[in-house]
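So the chains spell out like this:
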Amino acid sequence: MKKRIITLGTVCALILTACGKAGHGVQTSGNGSAEPQAPGKIQVEQVESQVITVSCRETVKVVPDIAEIVYGVTTQDKDAAQCQSENSRKVGELVETLKAMGVGEASIQTSRFDLSPRYDWDQGGIIIGYEATTQVIVSDIQLEQAGTVMEKSVEAGVDQIQSVSFLSSRYDEEYQAALKGAVALAQEKAQALADASGCTLGRPVHIEEHLGNDGYRYENTRGPGAAIKYNATADAEVMPGEIEIQADITVDYAIQ
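Undergrad: Would you explain the nonpolar core in this entry?
TA: The tendency in soluble globular proteins is for nonpolar side chains to be buried side by side. Core analysis: the largest hydrophobic core is formed by 24 residues, its most contacted members being Ile52, Ala186 and Leu201. Beyond its immediate stretch of four places on either side in the chain, Ala186 contacts Val54, Cys56, Ile249, Val251 and Tyr253. Among the nonpolar cores identified, the runner-up in size contains 21 residues, and Ile69, Val73, Val103 and Ala146 belong to it.

Undergrad: Sorry, what's going on with the pattern of salt bridges here?
TA: Charged atoms that come close allow side chains of opposite charge to pair. Tallying each qualifying case throughout the model produces 9 salt bridges. For Glu244, the salt bridge identified is with Lys61, shortest N-O distance 3.8 Å. With Glu244 in strand 15 (residues 243-255) and Lys61 in strand 6 (residues 51-62), this pair connects stretches of sequence that are 183 residues apart. When its relative accessible area of 47% is taken as the criterion, Glu244 is described as partly exposed. Owing to a relative accessible area of 30%, Lys61 belongs among the partly exposed residues under this scheme. Between Lys152 and Glu155 there is a salt bridge, with the nearest N and O atoms lying 3.9 Å from each other. Taken together, the residues span about one helical turn, with Lys152 and Glu155 both in helix 2 (residues 143-155) at a distance of 3 residues. Take Glu155: its relative accessible area is 55%, and that puts it in the exposed class. Salt bridges sharing common partners tie together Glu86, Arg89 and Glu93.

Undergrad: It is not clear to me how the environment of Arg89 should be interpreted in this structure. Could you clarify?
TA: Along the chain, Arg89 falls in helix 1 (residues 80-100). The exposure class of Arg89 is partly exposed, given its relative accessible area of 41%. Along the chain, Arg89 and Gly157 lie 68 residues apart, while their C-alpha atoms are 9.8 Å from each other.

Undergrad: For this particular structure, what's the right way to read the side chain of Thr133?
TA: Checked against the element boundaries, Thr133 lands in strand 9 (residues 126-142). Of note is the side chain of Thr133, whose polar atom sits 3.3 Å from the side chain of Thr74.

Undergrad: Sorry, what's going on with the environment of Ala132 here?
TA: Of note, Ala132 is situated in strand 9. For Ala132, a relative accessible area of 0% corresponds to the buried category. Separated by 58 residues in the primary sequence, Ala132 and Thr74 have C-alpha atoms spaced 5.6 Å apart. Sequence-distant contacts of Ala132, that is, excluding residues within four places in its chain, are made with Val73, Thr74, Thr75, Cys83, Asn87, Phe113, Asp114 and Leu115.

Undergrad: What am I meant to see in unusual backbone geometry here?
TA: Across the chain, the bulk of peptide bonds are trans and the bulk of non-glycine residues have phi less than zero. One non-glycine residue with positive phi stands out, namely Asp140, at about 55°. Relative to the helices and strands, Asp140 resides in strand 9. Residue classification places Asp140 among the exposed residues on the basis of a relative accessible area of 53%.

Undergrad: Would you mind going over the side chain of Asp252 with me for this structure?
TA: Relative to the helices and strands, Asp252 resides in strand 15. Despite its burial, Asp252 pairs with no opposite charge; the closest candidate is Arg203, at 11 Å N-O. The residues contacting Asp252, other than those within four sequence positions of it, are Val51, Ile52, Thr53, Arg203, Pro204, Val205 and His206.

Undergrad: What should I look at first to understand helix 2 in this one?
TA: It helps to recall that an α-helix has 3.6 residues per turn; residues three or four apart then point in one direction. For helix 2, every residue scored as buried is listed here: Leu143, Ala146, Gly147, Val149, Met150, Glu151 and Ser153. Gly157 lies just past helix 2 and shows a positive phi near 115°.

Analysis parameters
Residues numbered from 1 in each chain as written. Predicted model: local features only at pLDDT ≥ 70, side-chain atom pairs only at ≥ 80, totals over all residues. Heavy atoms only, no water. Core = buried A, V, L, I, M, F, W, Y, C linked by side-chain atoms within 4.5 Å. Buried < 20%, exposed > 50% of the residue type's maximum accessible area, 1.4 Å probe, protein only. Contact = heavy atoms within 4.5 Å. Salt bridge = Lys/Arg side-chain N within 4 Å of Asp/Glu carboxyl O. Helix = DSSP H or I, 4+ residues; strand = E, 2+ residues; numbered from the N terminus. Polar contact = N/O pair within 3.5 Å; in protein donor to acceptor, adjacent residues only side chain to side chain. Lys, Arg positive; Asp, Glu negative; His and termini not counted.

Laid out in structure tokens, this is it:
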């Protein structure tokens, strides 16, 4: 079983709204008529929304278990059709190599193809050939396989490893844990504010979840602590470090 590291970190911003507001006014008698208020007597006005608002962030750090690799396959030729044909052949070899290592077709995606002329500017900008590039994205690679997959892919004709992303297949479970931690922290902070302000803390009346960029929910693309070391004579060594899963919420608590 893979060892999983989970560390909780929190950042909170606290905003306290008024517990109420006081001032001089009139006092209503039993028959509904207004009576002058006695000098020096303070009446607390009714406030529709008396709340303590707490904004909290909970961070869970996890060790990733899967990887996504983006390759670039490039070919050059004097003839455009031949250049494209050669590029397709190299991409086909890459796909067959990946399948032979157990990578499923659903995990292999051709995301971009580009065919452009090459110019010789020393000869007045004449076209001297063509260059074709295909971008191939390979996802859902088990982390322990990532080094071998990269090595065999380079042997199959890959010219570039454009990026490597480290992801967690347990994101949803860990995000729920971060949400629960954020709610618990919000309750503690709101209670501390209520005690310090002489208020009685009530139930939550509004909870808002702040969602980040979904494109980064599962990944940390070569972020801090992540590294790839490649040696032509050995497997690539993958050191993914940790990725952060954050939950940000704002909670309004009723007070009296």
